[in-house]
Amino acid sequence: AQSVTQPDIHITVSEGASLELRCNYSYGATPYLFWYVQSPGQGLQLLLKYFSGDTLVQGIKGFEAEFKRSQSSFNLRKPSVHWSDAAEYFCAVGSNFGNEKLTFGTGTRLTIIP
Amino acid sequence: KAGVTQTPRYLIKTRGQQVTLSCSPISGHRSVSWYQQTPGQGLQFLFEYFSETQRNKGNFPGRFSGRQFSNSRSEMNVSTLELGDSALYLCASSRDREDEKLFFGSGTQLSVL
């Protein structure tokens, strides 16, 4: 069965600094990978997705992620964070063959300090 | 195009009661998935509906049920509520069964007292 690990529960970054959120997945074939963001009390918004092709994918709000098959990773990056990026970020892996469409990681809460 | 709409936004119930939550998917989307989100367990898959049929089900007791109507709108029901059912219930729609790009609603925050 597929699984997703987000090793960092909480990350604090200064405004303007760069950001990298880690995600490792376990899946038997080429996975479909996603990053979602959730603001407090809200649903999840899709930031970006990887299905195939170029391993560096661009998303909304200036985010990008790189798929590294050798490391089973799909880390999310942003060169310069803004206070509005404070939220919870979820990595997810999808499967046409699994029981559920998406399996989510436990999330990383991002705090931005001035 | 309107997004996924979930009603009500907030609910307060007491133990033993039942509750029905509603979800209207994005127009043209035929697949609806439900997730339960709690601080301790994160996002857990409840079930998925497509063409009025439950296609997949997560590891939840039979107190949790759902259905989908011909217009793709979906409802989920929780009977005999327990304190542990307090959670944010998220509905997500996608174009069809094979499409894993989920669009989420804002959720229904259920509190069981």
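Quantities reported herein were computed from a predicted structural model and do not represent experimental measurements.

Each value, and the rule that gives it
- Residues numbered from 1 in each chain as written.
- Chains lettered and ligands numbered in written order.
- Predicted model: local features only at pLDDT ≥ 70, side-chain atom pairs only at ≥ 80, totals over all residues.
- Heavy atoms only, no water.
- Salt bridge = Lys/Arg side-chain N within 4 Å of Asp/Glu carboxyl O.
- Helix = DSSP H or I, 4+ residues; strand = E, 2+ residues; numbered from the N terminus.
- Buried < 20%, exposed > 50% of the residue type's maximum accessible area, 1.4 Å probe, protein only.
- Pairing = 2+ DSSP bridges.
- Phe/Tyr/Trp six-rings, centres within 6.5 Å; stacked < 30°, edge-to-face > 60°.
- Lys NZ or Arg CZ within 6 Å of the ring centre and 35° of its normal.
- Contact = heavy atoms within 4.5 Å.
- Buried area = accessible area lost by both parts, 1.4 Å probe.
- Nonpolar A, V, L, I, M, F, W, Y, C, P; charged D, E, K, R; others polar.
- 1 Å grid on protein atoms, 1.4 Å probe; cavity = no way out; pocket = protein on both sides within 12 Å on 5 of 7 lines; lining within 4 Å.
- Points joined across faces, edges and corners; volume = space filled by probe spheres on them.

**Student:** Where do I start with the pattern of salt bridges in this structure?
**Tutor:** Proximity of charged atoms lets side chains of opposite charge pair with each other. Overall, the coordinates contain eight salt bridges over all chains when judged by the stated rule. Across the pair A:D8 and A:R22 runs a salt bridge whose closest N-O atoms are separated by 2.9 Å. On the criterion of sequence distance, the pair formed by A:D8 in the loop between β1 (3-5) and β2 (10-14) and A:R22 in the loop between β3 (19-21) and β4 (24-26) is long-range, its members being 14 residues apart. Accessibility expressed as a relative area gives 38% for A:R22, which makes it partly exposed. One salt bridge in this structure joins B:E75 and B:R67, with 3.3 Å as the shortest N-O distance. Take B:R67: its relative accessible area is 45%, and that puts it in the partly exposed class. Among the charged side chains, a salt-bridge network with shared partners connects A:E64, A:E66 and A:R77.

**Student:** What is the right way to read the pairing of β2(A) from this model?
**Tutor:** Regular strands show a simple pattern: their side chains alternate between the two faces of the sheet. Residues and elements named next belong to chain A. Alternating residues of β2 divide into I11 and V13, all buried, and H10, T12 and S14, none buried. By the bridge criterion, five bridges tie β2 to strand β12 (residues 108-113) in an arrangement that is parallel. Following the sheet pairing, I11 is matched in β12 by L110.

**Student:** How should I be thinking about the packing of aromatic side chains in this particular structure?
**Tutor:** Any aromatic ring pair is given by two values, namely how distant the centres are and how the planes are angled relative to each other. Scanning all chains against the criterion turns up 16 aromatic pairs over all chains. Each ring, one from A:Y36 and one from B:F104, has its centre 5.4 Å from the other, and the planes form 85°; the classification is edge-to-face. Taken together, the positions of A:Y36 in strand β5 (residues 32-38) and B:F104 in strand β10 (residues 103-104) put the pair across two chains. According to the relative accessible area criterion, A:Y36 is buried, its value standing at 0%. Ring centres 5.6 Å apart and planes at 70° place the aromatic pair B:F47 and B:Y49 in the edge-to-face group. Assigned by exposure class, B:F47 and B:Y49 land together as buried. Members of the aromatic cluster, each reached through a chain of ring pairs, are A:Y32, A:F34, A:Y36, A:F51, A:F90, A:F104, B:Y35, B:F45 and B:F104. The residue whose ring lies beneath A:K49 is A:F51, and the NZ or CZ to ring-centre distance is 6.0 Å. A cation over a ring is seen here: B:R9 above B:Y10, with NZ or CZ 5.2 Å from the ring centre.

**Student:** What's the story with the interface of chain A and chain B in this structure? I'm lost.
**Tutor:** Reports often express the size of an interface as the amount of accessible area lost when the parts come together. Contact residues are listed per partner, giving 20 residues for chain A and 24 residues for chain B. Taking both sides of the interface into account, the surface hidden between chain A and chain B amounts to around 1,800 Å²; carbon and sulfur atoms contribute 51%. For the side of chain A that touches chain B, the secondary-structure elements that each account for two or more residues are β5, β6 (44-50), β10 (87-94) and β11 (102-104) of chain A. Per element, the largest residue contribution to the side of chain A that touches chain B is four residues, and it comes from β5(A). Within the side of chain A that touches chain B, the residues separate by chemical class into eight nonpolar, nine polar and three charged.

**Student:** Can you walk me through the layout of surface pockets in this structure?
**Tutor:** Picture a little ball the size of a water molecule; that probe, rolled over the atoms, points out where space is still empty. Of the volumes computed, that of the largest pocket is approximately 430 Å³. Along the wall of the largest pocket there are 23 residues; nearest its centre are A:Q38, A:E88, A:F90, B:Q37 and B:P39. Counting residues per element, the ones that place at least two in the lining of the largest pocket are β10 and β12 of chain A together with β4 (31-38) and β9 (87-94) of chain B. A class-by-class count of the residues in the lining of the largest pocket yields eight nonpolar, 13 polar and two charged.

**Student:** Where do I start with the environment of B:T5 in this structure?
**Tutor:** Residue and element names in this part refer to chain B. Note on placement: T5 falls in strand β1 (residues 5-7). Overall, the relative accessible area of 41% leaves T5 in the partly exposed class. Linking T5 and F60, residues 55 residues apart in sequence, is a C-alpha distance of 24 Å. Sequence-distant contacts of T5, defined by excluding residues within four places in its chain, comprise S22, C23 and S24.

**Student:** When you look at unusual backbone geometry in this model, what are you seeing that I'm missing?
**Tutor:** In terms of backbone geometry, most residues other than glycine have negative phi values and most peptide bonds are trans. Each neighbour pair has its own omega, and for B:T7 with B:P8 the value is -10°, a cis peptide bond. Position of B:P8 relative to the elements: it lies in the loop between β1 and β2 (10-13). Of note in this structure, A:S72 is not a glycine but carries a positive phi near 50°. Within the secondary structure, A:S72 is located in the loop between β8 (64-68) and β9 (73-78). A relative accessible area of 28% means that A:S72 is categorised as partly exposed. One non-glycine residue with positive phi stands out, namely B:S72, at about 80°. According to the relative accessible area criterion, B:S72 is buried, its value standing at 12%.

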